[in-house]
Amino acid sequence: MKGPEIKALVIKVVVFSLVGALFWMLTPTAGLLTYGTLVVLAAVWLLYELAQPKKRPLVRDAFLLGLFLMVFDFVVENLGFFAGLWTSPQSLVSVISVPIEIMVLTLVGGTAWALHLPLKLDTSYLAIESLIFGAFGALGEYLLILNGMMIYTNGWTSFHAFVGYVVTWIILFGVWYKGIRKGK
């Protein structure tokens, strides 16, 4: 892992920690503001990435990864809902069981995430990044639960969510480096 990659990981942990602290302070009164804030923050991250000229050639590929994440999340969330593992009762609009805000978040956030990745696969980076998203994904769901926006059932726990996020991010790395960006 190189200096810029380490810096990107450290910045991500700091920013995600600050966002987590903000939501923790607003809990349990944040309500739908939770989703709106997450979408706005993802959009700001995407705008930041797009403001860097060297990233612009990657936009189409990054959008494809964001679209993949949105579809993947849609399928997984609905499977979990129909299996009775969780529900997300509050949303402006839900598509089957998935809040539209989460669909926008995964598309925009997934696109921004792809733009910040190193050009070449680095397994150390993959491992650390997957653990970061696993931890903050599980924390985010815990805060959604505290805000009444998500409910775990039938034995599903934050540990399961953590493992699910780690696996998801490993899949995303594979889709990005072995699929979308293969040979580029």
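Coordinates for the structure precede this section.
Residues numbered from 1 in each chain as written. Predicted model: local features only at pLDDT ≥ 70, side-chain atom pairs only at ≥ 80, totals over all residues. Heavy atoms only, no water.

Caption draft 1: Structural view of unusual backbone geometry. With phi around 60°, I96 is a residue other than glycine that occupies positive phi space. The residue I96 is located in the loop between β2 (94-95) and β3 (98-99) in this model. We classify I96 as exposed; its relative accessible area is 57%. With a phi close to 50°, N154 is a non-glycine residue in the positive phi region. Relative to the elements of secondary structure, N154 occurs in the loop between β4 (151-152) and α6 (158-180). For N154, a relative accessible area of 64% corresponds to the exposed category. (Helix = DSSP H or I, 4+ residues; strand = E, 2+ residues; numbered from the N terminus. Buried < 20%, exposed > 50% of the residue type's maximum accessible area, 1.4 Å probe, protein only.)

Caption draft 2: Examining a nonpolar patch on the surface more closely. Taken together, the side chains of L32, F81, F82, L92, V93, V95, I96, I100 and V104 define a hydrophobic patch exposed on the protein surface, amounting to about 810 Å² of accessible area. Within the residue set of the nonpolar patch, elements represented by two or more residues are α3 (59-82) and α4 (100-116). Checked against the element boundaries, F81 lands in helix α3. For F81, a relative accessible area of 33% puts it in the partly exposed group. (Patch = residues over 30% accessible without salt bridge, like charges linked within 9 Å, V, L, I, M, F, W, Y side chains within 5 Å. Areas by Shrake-Rupley, 256 points an atom, 1.4 Å probe, with all protein chains shown as cover. Salt bridge = Lys/Arg side-chain N within 4 Å of Asp/Glu carboxyl O.)

Caption draft 3: Focus on the nonpolar core. Membership of the largest hydrophobic core comes to 25 residues, with the highest contact counts inside it found for L65, W113, L117, W169, F173 and W176. Per-element accounting of this core gives the leading share, six residues, to α6. Every residue in contact with W113, bar those within four places of it in the chain, is listed here: W45, L65, E129, F133, W169, L172 and F173. (Core = buried A, V, L, I, M, F, W, Y, C linked by side-chain atoms within 4.5 Å. Contact = heavy atoms within 4.5 Å.)

Caption draft 4: A look at the pattern of salt bridges. Applying the stated rule across the entire model yields three salt bridges. One salt bridge in this structure joins K55 and E49, with 2.6 Å as the shortest N-O distance. In this structure, the salt-bridge partner of R181 is D61, at a minimum N-O distance of 2.6 Å. A residue pair is termed long-range when its members are at least 10 positions apart, and R181 in the segment after α6 and D61 in helix α3 qualify at 120 residues. The class of R181 is buried, set by a relative accessible area of 16%. When salt bridges with common partners are traced through the structure, they connect R60, D61 and R181 into a single cluster.

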